[in-house]
Amino acid sequence: MSAAQIPSLVVENLTTRFGSDRDGATVVDGVSFVLTPGQTMALVGESGSGKSATALSLMRLIEPPGRIIAGRVLLDGRDLLTMPERGMEDVRGGQIGMVFQDPLTSLNPALTIGRQITETILAHRDITPAEAERQAIDLLVRVGVSDAARRIHDYPHHFSGGMRQRVLIASAISCAPAIIIADEPTTALDVTVQAKILRLLHDLQQEMHASMLLITHDLGVVAAMADTVMVMYAGRIVEQTDVDTLFHAPRHPYTKALLACVAGIEDDRSVPLQPISGMAPDLKDLPRGCRFAPRCPLVQDVCRTTDPALRAVSRSHSVACLLVQEETAVV
Amino acid sequence: MSDVVMQVAGLTKSFAARGGSSGSVKAVADVGFSLARGETLGLVGESGCGKSTLSRLILSLLDADQGTVEIDGVDFITAPAARKRNLRRRIQIVFQDALSSLNPRMTVGVNITEPMRLQGLGTARDRRAEARRLLALVGLRPEDEDRYPHEFSGGQCQRIAIARALVLNPEIIVFDEAVSALDVSIRAQVLKLILDLQQQFGLSYIFISHDLGVIKRICDRIAVMYLGRIVEIGSAEAVCGSPAHPYTKALLGAIPIPDPRRMRIENLGLIEGDAVGVPQEDACAFAPRCPMRFDRCLAERPLLAAASPRHDAACFLLNSGKQGNPP
Ligand SMILES: Nc1ncnc2c1ncn2[C@@H]1O[C@H](COP(=O)(O)OP(=O)(O)O)[C@@H](O)[C@H]1O
Ligand SMILES: Nc1ncnc2c1ncn2[C@@H]1O[C@H](COP(=O)(O)OP(=O)(O)O)[C@@H](O)[C@H]1O
Ligand SMILES: [Mg+2]
Ligand SMILES: [Mg+2]
């Protein structure tokens, strides 16, 4: 990552709660990161760790009684969290394009594919409907929908899962966003279709020199796509670094355990299965100290009393673990 | 040859085509394989290729149009009712969505021993004791018998479903995407349990998944399905190490490897199209997507033939020396 890059999005201490004050849970807890143009940052974690809540918080799409209780999300120097809702509507689908896991629920079943895309364009651009339709066809061609001029008249249910995801991607990039947020964009797809959708997202992101926040639970997808990675566990970022370091020199015991688990499953039969014992904590009833302590193979007494903060261990590597020492003097 | 516990031959099942169009889809077409005692046979293929239909046919939960499923030499499909009930004890299934496969209004203990009750086995007291024993066996607490399914996590529900599958002391268990919905750390726990139980009881498994990674890890032999048919079958080493069918190669090439030094997006294999539509009877079903197709593939359907000893594939390029290497 070049130091001169101007970040496209700066997220500071983002904190989101669901439920009441008494019986609630902080599902995104002090998340901070920076997205860089032309780079993909992966947010990886197991289900319920707060990945989607993070994405929805960035876009201010958290439904009450859920609420963002702290933090800043800076885009071009403006804080999205304090911006009037009107301004936010311009940002969504404008500067920030979104792709979600299930294209069927994100597409309106009653509208043709063409309408879905032209409506996004017309909401952000001052052009005629005919011009918007021309752009929609161009976009569909660009995302690999063949016979686009005819297919804009079809409805979502006429498309396969992979094709629907392409339509959603066309809509997400229709206003040339600086940032793409993709939440499990291929989780519902077959592996041969996944490969094509990942390649498409990658190619578009490179062409547009956009930043991508790619949310996934699949470490294979992370390895293929990410420049930098954040590992999320029970609402917290526990490790953050570049992709090579994450896979080859991870420092957090959870990251290490997760990688061992995957190696045991995906490699060959000579590698023993190495499950992580227990399960992730209930966010409404977190343990004292480190959230991973109850499952951690390296746990010490201090871990059960002291909550570790995310600390830099090197210039581009942060870890939230009391047992991890700094590598060298941090700049 | 090793001791065969199940022999499937010519299994075929068609459904009326969905979406109003007339005609029918062969969800499973002329599928055959054998299962040896203590072996795990993996069944892999993308969604809609007929894996679940095949598992339901094997368990006689669905009537086949044609074909036989022999368990110890007796055809399960045509067996008279009493015999069938007996055979049913020998083969059990665990589904992907464990929670919905359990009865929410019955306690976990009652859920686990329901197959005993249906078979008229044991007293209520025997069944309780059995439930407690099985809960411990699958890594839960015996006292959990009085709780209800919704109080358990996905991984725990899968353990409960496995306990229920074990209650009649079966020889064969079919796992239909049984770990697909689980998070990776929990998936490894459940896979470990599944492998431990096999060791302990000498069980034979049919392990169905769309995830070739998991299949590769736990299966002795692998059958690859494409649009209702087995297109390749052989030892795990042969099928994954020297795949003979272009579809198997495509599947293997499309799996992202969790190591950025070995695989980045640029190396991920890409093939045309997706596995939808009704294949033509007189053509290779994979031909429309196949990077290696030639005229014959569109005019004739290749049959399974030996690629190497005990390793079959249905492709005209078999042993022709013309095949591309896996990406
Ligand atoms: N609308 C909601 N109301 C209450 N809790 C929610 C809501 N959405 C998500 N949660 C909770 O927030 C936590 C994080 O969820 P989510 O961000 O969806 O996880 P992930 O995307 O990592 O699987 C989970 O415990 C989930 O149950
Ligand atoms: N009850 C049914 N009625 C009509 N078509 C069905 C039915 N069950 C399955 N099919 C069709 O059969 C094919 C195979 O489905 P399935 O066995 O569920 O595949 P898989 O488990 O590999 O995803 C699909 O085309 C599916 O739509
Ligand atoms: Mg999510
Ligand atoms: Mg299925």
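No experiment lies behind these values; they were computed from the predicted model shown. (Residues numbered from 1 in each chain as written. Chains lettered and ligands numbered in written order. Predicted model: local features only at pLDDT ≥ 70, side-chain atom pairs only at ≥ 80, totals over all residues. Heavy atoms only, no water.)

### Brief notes about the overall build of chain B
For the record, the criterion: Helix numbers and strand numbers start at the N terminus; a helix is a DSSP run of H or I with at least 4 residues, a strand a run of E with at least 2. Here the globule rule is a power law, 2.2 Å times the number of residues to the power 0.38, and the radius of gyration is based on C-alpha atoms. The buried label goes to any residue with under 20% of its type's maximum accessible area, the exposed label to any with over 50%, and the partly exposed label to all in between, with areas taken from a 1.4 Å probe on protein chains only. Note on areas: Shrake-Rupley with a 1.4 Å probe; residue coverage comes only from the protein chains shown. Lys and Arg are tallied as positive, Asp and Glu as negative. Neither His nor the chain termini are counted. Lysine's charge is taken at NZ, arginine's at CZ, aspartate's at CG and glutamate's at CD.
When helices and strands are counted, chain B shows 10 helices and 12 strands. Its C-alpha atoms give chain B a radius of gyration of 21 Å, within 12% of the compact-globule value 20 Å for 327 residues. Expressed as lengths along the three principal axes of its C-alpha atoms, the size of chain B is roughly 65 × 50 × 45 Å. A total of 327 residues make up chain B; the buried ones form 55% of that total. Approximately 14100 Å² of chain B is accessible, and the part contributed by carbon and sulfur atoms is 50%. The centroid of the 39 positive side-chain charges in chain B is displaced by 3 Å from the centroid of its 36 negative side-chain charges.

### Things to note about the overall build of chain A
As a reminder, the rule being used: What makes two residues a contact is simply this: any of their non-hydrogen atoms within 4.5 Å.
Counting secondary structure elements, chain A contains 11 helices and 12 strands. Here the C-alpha atoms of chain A give a radius of gyration of 21 Å, agreeing with the 20 Å that 2.2 N^0.38 yields for 331 residues. Sorting the 331 residues of chain A into buried and exposed places 55% on the buried side. For chain A, contacts bridging at least 24 residues in sequence account for 62% of all contacts bridging at least 6. Carbon and sulfur atoms form 52% of the exposed surface of chain A, whose accessible area is close to 14000 Å². Distance between charge centroids for chain A: 3 Å, based on 30 positive and 38 negative side chains.

### Observations regarding the sheet that holds strand β1 (residues 4–16) of chain B
All names here are of chain B. The test is simple: Note on pairing: two strands pair once DSSP finds at least 2 bridges between them. Fitted lines through C-alpha atoms give the axes, limited to the stretch in contact for helices. The angle between two N-to-C directions lies from 0 to 180 degrees.
Sheet architecture is open: four strands sit in the order β2-β1-β4-β5, paired in antiparallel fashion. Two strands lie at the open edges of the sheet, namely β2 (24–36) and β5 (74–75), each paired on one side alone. Of the pairings in the sheet, the one linking β1 to strand β4 (residues 66–71) comprises five bridges and is antiparallel in character. Residue pairing in the sheet places M6 in a bridge with I71 of β4. Docked against the sheet, helix α1 (residues 51–58) engages β1, β2 and β4, running at close to 120 degrees with respect to β1.

### What to know about the site of ligand 2
All names here are of chain B. What counts here: Neighbouring residues are identified by heavy atoms, a residue being near a molecule or strand if any of them is within 4 Å of it. The definition of a polar contact used here is a pair of N or O atoms within 3.5 Å, where within protein one atom must be able to donate a hydrogen and the other to accept one, and adjacent residues in sequence count solely through side-chain atom pairs. Charged means Asp, Glu, Lys or Arg here, nonpolar means Ala, Val, Leu, Ile, Met, Phe, Trp, Tyr, Cys or Pro, and polar covers whatever is left, Gly included.
Within the structure, ligand 2 sits among F15, R18, A27, E46, S47, G48, C49, G50, K51, S52 and T53. G48 is positioned with one of its backbone polar atoms (N or O) 2.6 Å from an oxygen atom of ligand 2. One of the backbone nitrogen or oxygen atoms of C49 is found 3.3 Å away from an oxygen atom of ligand 2. Its free accessible area being 560 Å², ligand 2 has 72% of it covered by the protein chains. At three residues, the largest contribution of residues to the shell around ligand 2 is made by α1. Looking at the shell around ligand 2 residue by residue, the classes come out as three nonpolar, five polar and three charged.

### Comments concerning the environment of R199 of chain A
Mapped onto the elements of the fold, R199 of chain A is located in helix α8 (residues 191–208). Since its relative accessible area comes to 22%, R199 of chain A is described here as partly exposed. Sequence-wise, R199 of chain A and A224 of chain A are 25 residues apart; in three dimensions their C-alpha atoms are separated by 9.6 Å. Excluding residues that lie within four positions of it along the chain, R199 of chain A makes contacts with I265, E266, L268 and L270 of chain B.

### Brief notes about the domain arrangement of chain A
All names here are of chain A. Condition: How far each domain reaches was decided by an automatic or database domain assignment. Note: buried area is the sum, over both parts, of the accessible area (probe 1.4 Å) each one loses when the two are combined. Salt bridges are defined by distance alone: a side-chain nitrogen of Lys or Arg within 4 Å of a carboxyl oxygen of Asp or Glu.
Each assigned domain of chain A is listed here: domain 1 (3–226) and domain 2 (252–331). Computed from C-alpha atoms alone, the centre-to-centre distance between domain 1 and domain 2 is 29 Å. Contacts between the two partners involve nine residues from domain 1 and, on the opposite side, eight residues from domain 2. Surface buried jointly by domain 1 and domain 2 totals about 740 Å² across both partners, of which 58% is contributed by carbon and sulfur atoms. Interface area lost by domain 1 to domain 2 is led by A25, E46 and L219, which between them contribute 50%. Between the two partners, domain 1 and domain 2, sit one salt bridge. Across the domain 1-domain 2 interface, the total number found is two residue pairs in polar contact (both at pLDDT 80 or more).

### Overview of the site of ligand 1
Residue and element names in this part refer to chain A. Taken together, F18, V27, E46, S47, G48, S49, G50, K51, S52, A53 and L283 form the complete shell of residues around ligand 1. Taking S52, its side chain carries an N or O atom lying 2.8 Å from an oxygen atom of ligand 1. Between ligand 1 and the protein, one listed contact pairs an oxygen atom with a backbone N or O atom of A53 at 2.7 Å. With three residues, helix α1 (residues 51–58) is the largest single contributor of residues to the shell around ligand 1. Of the residues in the shell around ligand 1, the class split is four nonpolar, five polar and two charged.

### Brief notes about the interface of chain A and chain B
Across the contact, 44 residues belong to chain A and 46 residues belong to chain B. Of the roughly 3800 Å² buried between chain A and chain B on both sides combined, carbon and sulfur atoms contribute 57%. It is I265, R269 and L273 of chain A in chain A that bury the most area against chain B; as a group they hold 19% of the surface buried on that side. Linking chain A with chain B are 16 residue pairs in polar contact (both at pLDDT 80 or more). Counting only elements with at least two residues in the side of chain A that touches chain B, the list comes to α8, α9 (219–225), α10 (243–248) and α11 (253–266) of chain A. Taken together, the residues that form the side of chain A that touches chain B break down as 23 nonpolar, 10 polar and 11 charged.

### Remarks on the packing of helix α4 (residues 108–118) of chain B against helix α5 (residues 124–137) of chain B
Residue and element names in this part refer to chain B. We apply this condition: For any helix crossing, the convention is left-handed if the near helix is rotated counterclockwise from the far helix by under a right angle, and right-handed if that rotation is clockwise.
Where α4 contacts α5, the axes come no closer than 9 Å and their chain directions differ by 115 degrees. Crossing angle aside, the handedness with which α4 passes α5 is right-handed. Residues V108, G109, I112, T113, M116 and R117 of α4 form the contact with α5, whose own contacting residues are R127, E130, A131, L134 and L135.

### Quick word on the side chain of T255 of chain A
Residues and elements named next belong to chain A. Structurally, T255 can be placed in helix α11. Owing to a relative accessible area of 3%, T255 belongs among the buried residues under this scheme. If we ignore the near neighbours within four places in the chain, the residues touching T255 are V231, E239, L246 and P250.

### Thoughts on a nonpolar patch on the surface
The condition is simple: Candidate patch residues must exceed 30% relative accessible area and have no salt bridge, after which like charges are joined if within 9 Å and Val, Leu, Ile, Met, Phe, Trp or Tyr side chains if within 5 Å.
A surface patch of nonpolar side chains, about 280 Å² in accessible area, is lined by L298, V302, L322 and L323 of chain A. When you line up the elements, L323 of chain A lands in the segment after β12 (317–319).

### Focus: the pattern of salt bridges
Residue and element names in this part refer to chain B. With the rule as written, the count across this model stands at 34 salt bridges over all chains. The partner of K26 in a salt bridge is E281, with the nearest N and O atoms 3.9 Å apart. Within this pair, whereas K26 is found in strand β2, its partner E281 is found in the loop between α10 (246–254) and β11 (305–308), the two being separated by 255 residues in sequence. In this structure, E46 and R289 form a salt bridge, with 3.6 Å as the shortest nitrogen-oxygen distance. Of the two residues, E46 sits in the loop between β3 (40–44) and α1 while R289 sits in the loop between α10 and β11, which places them 243 residues apart along the sequence. Considered together, E46 and R289 belong to a single accessibility category, that of buried residues. Because the salt bridges share partners, they merge into one network encompassing D3, R37, D72, R90 and E171.

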